[in-house]
Amino acid sequence: MQLNGACLCGNVQITIPEIVEEITVCHCQMCQKFFGSSFLSLPGLSAEQFALQGAEFVQRYASSQWAERGFCKNCGSSLFYHALGQDYFFPTGLFEGVTGKIVQEIFYDKKPEFYQLQNDAPKLSEKEFLAHLFEGK
Ligand SMILES: [Zn+2]
Ligand SMILES: [Zn+2]
């Protein structure tokens, strides 16, 4: 399924020709600060798997030694999490008509207690997620 997205002001446009809408929710503290709440993320995409227009409006912030986060210089919309040299992860909120479902929630032990999302997807704590990440390498 193709997805078309844009920031609030429309200066940055993102087109993803083909994606499986499997949504991961990240509750880590950095995502909460950057996205304003937990991060509802589309699957990771390499730079060849999407087209971005308005790159001159994208400000990148090095949020750690291994990742950067992008936002629109004009309107401030959070645009992506990018694991350096690897994939880009875009928030569902930028795109029209996302109908996918949540397939996992990560850093679940960092989720604020005042809400929970209704789904039966696996929920991994920070420790469980990191262990899972490193065992896959
Ligand atoms: Zn913008
Ligand atoms: Zn996160």
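The shown structure was predicted, so the numbers you read here are calculated from the model rather than taken from an experiment.

Our focus in this paragraph is the UniProt feature "domain: CENP-V/GFA" (unreviewed entry) in the chain. With numbering aligned to this structure, UniProt lists the feature "domain: CENP-V/GFA" (unreviewed entry) at residues 3–109. Note that residues 3–109 is 7% helix and 41% strand, and that its end C-alpha atoms are spaced 31 Å apart.

A few words now on the pairing of strand E3 (residues 22–26). The buried fraction of E3 is high, at four of five residues. Here E3 runs beside strand E4 (residues 39–41); their pairing, made up of three bridges, is antiparallel. The partner of Val-25 across the bridge, within E4, is Leu-40.

If you walk across this open sheet you meet the three strands as E1-E2-E5, and the pairing is antiparallel. Of all the strands in the sheet, the pair left with one neighbour each is strand E1 (3–6) and strand E5 (51–53). Strand-to-strand, the axes of this sheet are offset by a mean angle of 15°, without reference to chain direction.

Another point: the side chain of Ser-78. Inspection of the secondary structure puts Ser-78 in strand E8 (residues 78–83). Since its relative accessible area comes to 16%, Ser-78 is described here as buried. Side-chain polar atoms of Ser-78 contact the backbone oxygen of Phe-34, separated by 2.7 Å. If near-sequence neighbours (up to four positions away) are discounted, Ser-78 is found in contact with Phe-34, Phe-35, Gly-70, Phe-71, Pro-91 and Leu-94.

Quick look at the packing of aromatic side chains now. The description of two aromatic rings rests on the distance between their centres and on the angle between their planes. All told, the structure shown has eleven aromatic pairs when counted by the stated rule. Each ring, one from Phe-90 and one from Phe-95, has its centre 6.1 Å from the other, and the planes form 80°; the classification is edge-to-face. Here Phe-90 and Phe-95 have matching classes, each one buried. Through pairs of rings, three or more aromatic residues link up here, namely Phe-50, Phe-80, Tyr-88, Phe-90 and Phe-95.

Moving on, we come to the nonpolar core. Residues Ile-14, Ile-16, Leu-79, Phe-90 and Phe-95 are the most contacted members of the largest nonpolar core, which totals 17 residues. In this structure Phe-95 touches Leu-3, Asn-4, Gly-5, Ile-14, Ile-16, Leu-42 and Phe-90, once residues within four positions along its chain are discounted. In terms of nonpolar packing, the next biggest core, distinct from the first, is built from 13 residues, Cys-26, Ala-67, Ile-106 and Phe-107 among them.

Attention shifts here to the pattern of salt bridges. All told, the structure shown has four salt bridges when counted by the stated rule. Among the ionic pairs, Arg-60 bridges to Glu-68, the shortest N-O distance being 2.5 Å. Looking at Arg-60, the relative accessible area reads 40%, which means it is partly exposed. Classification of Glu-68 by relative accessible area gives buried; the value is 13%. Across the salt bridge formed by Asp-109 and Lys-110, the nearest N and O atoms sit 3.1 Å from each other.

Parameters and conventions
Residues numbered from 1 in each chain as written. Chains lettered and ligands numbered in written order. Predicted model: local features only at pLDDT ≥ 70, side-chain atom pairs only at ≥ 80, totals over all residues. Heavy atoms only, no water. UniProt positions renumbered as here; feature names shortened; annotations may be inferred. Helix = DSSP H or I, 4+ residues; strand = E, 2+ residues; numbered from the N terminus. Buried < 20%, exposed > 50% of the residue type's maximum accessible area, 1.4 Å probe, protein only. Pairing = 2+ DSSP bridges. Axes fitted to C-alpha atoms, helices over the stretch in contact; angles between N-to-C directions. Polar contact = N/O pair within 3.5 Å; in protein donor to acceptor, adjacent residues only side chain to side chain. Contact = heavy atoms within 4.5 Å. Phe/Tyr/Trp six-rings, centres within 6.5 Å; stacked < 30°, edge-to-face > 60°. Core = buried A, V, L, I, M, F, W, Y, C linked by side-chain atoms within 4.5 Å. Salt bridge = Lys/Arg side-chain N within 4 Å of Asp/Glu carboxyl O.

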